[in-house]
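# Architecture and fold: a report
One letter stands for each residue in the lines below.
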Amino acid sequence: MIDVLNEIHQEVSPLLGQGKVAEYIPALANVDPMQFGMAITLNDGQYYGVGSYQTPFSIQSISKVFSYTLALRAYQNGLYKRVWREPSGNPFNSLVQLEYEAGIPRNPFINAGAIVVCDSLVSHFSTNEKAFNEILAFIHQCSGDKSIAVDEVVSTSEMEHGYRNIALASLMKSFGNFDNDVIEVLQTYFKHCSIVMNAQQLSRSMLYLANDGTDPITKQQLINSTQAKRINSLMLTCGHYDASGDFAFRVGLPGKSGVGGGIVAVVPGKMAIAVYSPALNESGNSLVGTKALELFTTKTGLSIF
Ligand code: DON
């Protein structure tokens, strides 16, 4: 496995420098675009990594997988009346579709969907602090690492520049698809986007999705197998926004990206993979990270197809 990772590292190196880091907040705009790291964790906990695989970065939208898992666990099928399960075909922060679809977001991985998921968690756990603490505790549980925390600078900065997300939440509130205070829910949303992890921790934390909802190392069932199937299906169809089809076409695995430059992918029954390279393509997904995952499934034959 390490040989494949080394080969991929070599092959993607000439691509570093292409793409652009996220620029909407200074804390993300200032990261070095030339970084690349990749980690794999197998079902038995053995891991392999190359490059900057232990460099911490902002997980951003990858956090939406964890919050959706908790909300699905809390509300089960009741969640689907508030957030659908269709690809959006639109940018992750688009307002237009939300307006003509009466405030019901297409899926939980676009911003509007993840904000509604946070709203449902604030209701379920009764306050925004408790909701955030439960999300973080869940990440501690599935990564087996209690040191994982939030970057408060990123979180504060997200809130200061969060006008579009405030607009999305307010629009949903006007349609009646929002129970709590807009700003309080956004605090939970921005905080969970600002959690910092490295590729090794991220690959470890996604093993429950590679194993029907049960962590193969601790043997704890985190969600049931039907819910795990659904989250994986949504990662495959919606995990990369308006580039989800392209990601499925190239990589052939359920995956989720974040504007911090991370991508996680799940190989059912076997392993989870995380890549980190902060320069993004025009859809907001890691450019070199996507290429690395494409090379991985091409070289190993480990796509789901
Ligand atoms: O809400 C936002 O816009 C960011 N905090 C997260 C967006 C994100 O990661 C979209 N991903 N590619």
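Predicted model only: the values in this text are computed from it and were never measured. (Residues numbered from 1 in each chain as written. Predicted model: local features only at pLDDT ≥ 70, side-chain atom pairs only at ≥ 80, totals over all residues. Heavy atoms only, no water.)

### Remarks on the side chain of Gln 60
Within the secondary structure, Gln 60 is located in the loop between strand E3 (57-58) and helix H3 (63-75). Using a relative accessible area of 3% as the deciding quantity, one classes Gln 60 as buried. At 2.8 Å, the side chain of Gln 60 forms a polar contact with the side chain of Glu 158. Apart from residues lying up to four places away in sequence, Gln 60 is in contact with Tyr 24, Leu 28, Val 154, Glu 158, Cys 193, Gly 258, Val 259 and Gly 260. (Helix = DSSP H or I, 4+ residues; strand = E, 2+ residues; numbered from the N terminus. Buried < 20%, exposed > 50% of the residue type's maximum accessible area, 1.4 Å probe, protein only. Polar contact = N/O pair within 3.5 Å; in protein donor to acceptor, adjacent residues only side chain to side chain. Contact = heavy atoms within 4.5 Å.)

### Describing the domain arrangement of the protein
The extent of an interface is frequently quoted as the accessible surface area lost upon association of the parts. What the domain assignment reports for the protein is domain 1 (2-60 + 197-299) and domain 2 (61-193). Here the C-alpha centre of domain 2 lies 20 Å away from the C-alpha centre of domain 1. Opposite the 37 residues of domain 1 that make contact, domain 2 presents 38 residues. Note on domain 1 versus domain 2: buried area summed over both sides is about 3,100 Å², and carbon and sulfur give 68% of it. Sorting the residues of domain 1 by area buried against domain 2 places Gln 60, Leu 234 and Tyr 241 first, and these three jointly supply 20% of that buried surface. Here domain 1 and domain 2 share zero salt bridges between them. Seen at the junction of domain 1 and domain 2, the total is 15 residue pairs in polar contact (both at pLDDT 80 or more). Going through the elements one at a time, helix H2 (26-29), helix H10 (199-205), helix H11 (207-210), helix H12 (225-238), strand E6 (255-257) and strand E7 (262-267) are the ones with two or more residues in the side of domain 1 that touches domain 2. A total of seven residues in the side of domain 1 that touches domain 2 trace back to one element, the largest contributor, which is H12. Residues of the side of domain 1 that touches domain 2, tallied by class, amount to 20 nonpolar, twelve polar and five charged. (Domains from an automatic or database assignment. Buried area = accessible area lost by both parts, 1.4 Å probe. Salt bridge = Lys/Arg side-chain N within 4 Å of Asp/Glu carboxyl O. Nonpolar A, V, L, I, M, F, W, Y, C, P; charged D, E, K, R; others polar.)

### Quick notes on the site of the ligand
Taken together, 14 residues are adjacent to the ligand, and Gln 60, Ser 61, Asn 165, Tyr 189 and Tyr 241 come closest. For the ligand, a nitrogen atom lies 2.6 Å from a polar atom in the side chain of Gln 60. Tyr 241 has a polar side-chain atom sitting 2.9 Å from a nitrogen atom of the ligand. Expressed as a share of its isolated accessible area of 340 Å², the protein-covered part of the ligand is 97%. Counted by class, the shell around the ligand contains six nonpolar, seven polar and one charged residues. Formed jointly, the shell around the ligand draws a minimum of three residues from each of two domains, domain 1 (2-60 + 197-299) and domain 2 (61-193). (Near = heavy atom within 4 Å. Areas by Shrake-Rupley, 256 points an atom, 1.4 Å probe, with all protein chains shown as cover.)

### Observations concerning the packing of helix H6 (residues 128-143) against helix H9 (residues 182-193)
Two elements in contact, H6 and H9, have axes separated by 9 Å at closest approach and are oriented at 20 degrees. With respect to their mutual orientation, H6 and H9 come out roughly parallel. Remark: the crossing between H6 and H9 carries right-handed chirality. For the pair formed by H6 and H9, the contact residues are Asn 128, Ala 131, Phe 132 and Ile 135 on the first element and Glu 184, Gln 187, Thr 188, Lys 191 and His 192 on the second. Residues of the contact of H6 with H9, tallied by class, amount to three nonpolar, four polar and two charged. (Axes fitted to C-alpha atoms, helices over the stretch in contact; angles between N-to-C directions. Parallel < 35°, antiparallel > 145°, perpendicular 65-115°, else oblique. Left-handed = near helix turned anticlockwise from the far one by under 90°.)

### Concerning unusual backbone geometry
A positive phi angle, near 45 degrees, is found at Gln 60, a position not held by glycine. Positive phi outside glycine occurs at Gln 76, with the angle close to 45 degrees.

### Some thoughts on the environment of Asp 181
Position of Asp 181 among the secondary structure elements: in the loop between helix H8 (163-174) and H9. Considered as a pair, Asp 181 and Val 122 are 59 residues apart in the sequence and their alpha carbons are 9.6 Å apart. Here the side chain of Asp 181 touches Glu 184 through a polar contact of 3.0 Å, landing on its backbone nitrogen.

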